[in-house]
Amino acid sequence: MKIGIGNDHAAVEMKFEIVKYLEEAGHEVINYGTDTPESCDYPEYGAKVARAVVSGEVEKGILICGTGVGISLAANKIRGIRAVVCSEASTARLSRQHNDTNILAFGARIIGTETARDIVKAWLEAEFEGGRHQKRVDMLMKLEEE
């Protein structure tokens, strides 16, 4: 799978660890984030990954900032994105199964690298169940038209 990853200055080290994990699992990773700890603006990186997902340049996206919140808010401003912030694997798995999330976010200041790997694994292995959930995803997407 081709996965886009983005991050701000708070998450450089964790990003490198997650990229390594993804590549070892056989995924192709496109880096849209910063590689330095110099202060930067997370909305820029959230939008880059979101646009790459919507355009089909990558299949899914992963975003990391201090908490995961700001960068996911930026991504969710892009039409077609359903980004979720997770601090544990069960929510990540269910977000894929029930909400068909296409971007995963988490906070480098909130969770450790091992937990981040567990969250990524659960999210990538889960598949959208469709069925009754499709109606709700359609309702979410319709909200973008308002």
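Up top you'll find the structure we're talking about.
Residue numbering note: each chain is counted from 1, following its sequence as written. For this predicted model, a pLDDT threshold of at least 70 governs which residues receive local features, and a threshold of 80 or more governs which side-chain atom pairs are given and counted, while totals over whole chains, interfaces and linings are taken from all residues. Derived side-chain values reflect all non-hydrogen atoms in the structure, with water molecules and hydrogen atoms excluded from consideration.

Attention now goes to the sheet that holds strand 2 (residues 28-31). For sheets, the rule is that strands pair by backbone hydrogen bonds, running either parallel or antiparallel. Here, strands pair whenever DSSP counts at least two bridges between them. Working definition: helices are DSSP H or I runs of at least four residues, strands are E runs of at least two. Numbering for both runs from the N terminus. Taken in spatial order, the five strands line up as 2-1-3-5-4 in an open sheet, and their pairing is parallel. With one partner strand each, in any of the chains shown, strand 2 and strand 4 (83-85) form the two edges of the open sheet. Within this sheet the neighbouring strands show an average axis-to-axis angle of 25 degrees, counted without direction. Contacts: residue pairs with any heavy atoms within 4.5 Å of one another. Axes here mean lines fitted to C-alpha atoms, for a helix over just the part in contact, with angles spanning 0 to 180 degrees between N-to-C directions. Against the sheet, helix 1 (residues 12-24) engages strand 1 (2-7), strand 2, strand 3 (60-65) and strand 5 (103-107), with an angle of about 170 degrees to strand 1. Along the sheet face, helix 5 (residues 113-125) touches strand 1, strand 3, strand 4 and strand 5 and points at about 165 degrees away from the line of strand 5.

A word on the pairing of strand 1. Within strand 1, five of the six residues are buried, leaving the element largely enclosed by the surrounding structure. Here strand 1 runs beside strand 2; their pairing, made up of four bridges, is parallel. Of the residues in strand 2, the one forming a bridge with isoleucine 3 is valine 29. Since strand 1 and strand 2 lie parallel, the crossover through helix 1 that links them has a hand, and here it is right-handed. Here strand 1 pairs with strand 3 via five bridges, running parallel. Bridging across to strand 3, glycine 4 finds its partner in glycine 61. Three exposure classes are used, based on accessible area relative to the maximum for each residue type with a 1.4 Å probe and protein chains only: buried under 20%, partly exposed in between, and exposed over 50%. When the strands point away from the viewer and the connection leading from the first strand across the helix to the second strand turns clockwise, the crossover is called right-handed.

Take the packing of helix 4 (residues 89-99) against helix 5 next. Interhelical geometry of helix 4 versus helix 5 gives an angle of 20 degrees and a closest axis separation of 8 Å. One element, helix 4, and the other, helix 5, form an angle in the roughly parallel class. Judged by the sense of rotation from one axis to the other, the crossing of helix 4 with helix 5 is right-handed. On the side of helix 4, the interface is formed by Ala89, Ala92, Arg93, Ser95 and Arg96, while helix 5 contributes Asp118, Ile119, Ala122 and Trp123. When residues are grouped by polarity, Ala, Val, Leu, Ile, Met, Phe, Trp, Tyr, Cys and Pro land in nonpolar, Asp, Glu, Lys and Arg in charged, and all others, Gly among them, in polar. Broken down by class, the residue content of the contact of helix 4 with helix 5 amounts to five nonpolar, one polar and three charged. Orientation is classified from the angle alone, with under 35 degrees giving roughly parallel, over 145 giving roughly antiparallel, 65 to 115 giving roughly perpendicular, and any other angle giving oblique. Crossing handedness is read from the near helix: turned anticlockwise from the far helix by less than a right angle, it gives a left-handed crossing, and turned clockwise, a right-handed one.

For the purposes of this analysis, a disulfide is any pair of cysteine sulfur atoms at a distance within 2.5 Å. Counted by the stated rule, this structure contains zero disulfides. Note on cysteine 65: no disulfide assigned, nearest cysteine sulfur contributed by cysteine 40 at a separation of 9.9 Å.

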